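# An overview of the molecular structure
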Amino acid sequence: MKIVLASAFALAIMMISPSLAQSVGEKTGVNSALGIAPKTPDFVKEAAMSDLTEIAASKLGEERGNAKQKAFSAKMIEDHTKTSQQLKELVKQENMSGEVPTSLDSTHQSKIDKLRDAKPDDFSSDFNSMQMSAHKGAVSLFERYAKGGDNDKLKSWAAKTLPDLKHHLEMAQDLDKK
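Quick notes on the rules
- Residues numbered from 1 in each chain as written.
- Predicted model: local features only at pLDDT ≥ 70, side-chain atom pairs only at ≥ 80, totals over all residues.
- Heavy atoms only, no water.
- Helix = DSSP H or I, 4+ residues; strand = E, 2+ residues; numbered from the N terminus.
- Buried < 20%, exposed > 50% of the residue type's maximum accessible area, 1.4 Å probe, protein only.
- Contact = heavy atoms within 4.5 Å.
- Core = buried A, V, L, I, M, F, W, Y, C linked by side-chain atoms within 4.5 Å.
- Axes fitted to C-alpha atoms, helices over the stretch in contact; angles between N-to-C directions.
- Left-handed = near helix turned anticlockwise from the far one by under 90°.
- Nonpolar A, V, L, I, M, F, W, Y, C, P; charged D, E, K, R; others polar.
- Salt bridge = Lys/Arg side-chain N within 4 Å of Asp/Glu carboxyl O.
- Arc of directions from axis to C-beta.

## Quick look at the side chain of Ser58
In this fold, Ser58 is placed in helix α4 (residues 40–64). Judged by relative accessible area, which is 0%, Ser58 ranks as buried. For Ser58, the contacting residues outside a window of four places in its chain are Ser73, Met76, Ile77 and Phe127.

## Re the nonpolar core
Phe43, Val44, Leu87, Phe142, Leu154 and Trp157 are the most contacted members of the largest nonpolar core, which has 21 residues in total. Among the elements of the structure, α4, α5 (67–93), α7 (120–148) and α8 (152–174) are those that each provide at least two residues to this core. Excluding its chain neighbours within four sequence positions, the residues that come into contact with Leu87 are Val44, Ala47, Ala48, Val100, Leu154 and Trp157. Judged by nonpolar contacts, the second largest core, of 14 residues, contains Ala56, Phe72, Leu104 and Ala172.

## Points about the packing of α4 against α8
The description of two helices packed together rests on the angle between their axes and the distance between the axes. Interhelical geometry of α4 versus α8 gives an angle of 35° and a closest axis separation of 11 Å. In this structure, α4 crosses over α8, and the sense of that crossing is left-handed. In contact with Thr40, Phe43 and Val44 of α4, α8 contributes Leu154, Trp157 and Ala158. For the contact of α4 with α8, the class distribution of residues is five nonpolar, one polar and no charged.

## Some points on the pattern of salt bridges
A side chain with one charge may pair with a side chain of the opposite charge, provided their charged atoms come close. One pass over the structure, following the stated rule, counts six salt bridges. Across the pair Lys153 and Glu94 runs a salt bridge whose closest N-O atoms are separated by 3.4 Å. A residue pair is termed long-range when its members are at least 10 positions apart, and Lys153 in helix α8 and Glu94 in the loop between α5 and α6 (106–116) qualify at 59 residues. Residue classification places Glu94 among the partly exposed residues on the basis of a relative accessible area of 25%. A salt bridge links Asp117 to Arg116; the nearest nitrogen and oxygen atoms lie 3.2 Å apart.

## Some thoughts on α6
Of all the positions in α6, only His108, Ile112 and Leu115 are classed as buried. Buried residues of α6, viewed axially, fall in a sector of 60°; they line one side. In α6, those exposed residues whose orientation departs by more than 90 degrees from the buried face are Ser106 and Lys114. In the core, the buried residues of α6 are packed alongside α4 and α7.

Printed below as a string of structure tokens:
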């Protein structure tokens, strides 16, 4: 019975507003699991939020991390500041609806707060884990949009940015190595 009600609710949401259903799918991770490209507003929001989160986490990494984490963090701040600026310019050039977020939402802020509040003995493992997870998510987001996004210039930018994100993921995976 619960499955039937949940299915009916999901169908009703999709019928009411396709853009809302897409946003729900992106927010819940359903689109990622199914390999579905996000709609442009979702991609813009998620890409910007990813950059903002990376920059905030990396500032903590520069303050509290070991030498390897500090070097990684400096690179993340540099690269994600650059992609944030590129995204803002592209959204403006393309006259895309919606705005590029300029501050963290509550979900991402809570991740940063948790990292900030980590005990010194836990910081390194928490930081490394967060970096791997964040970059896996970013790679998935950019791959899906580059393959099936609905704005050609943004698709091209996502495809061009993807190799750097994959390199960031490799760097994050190396943080645990001695």
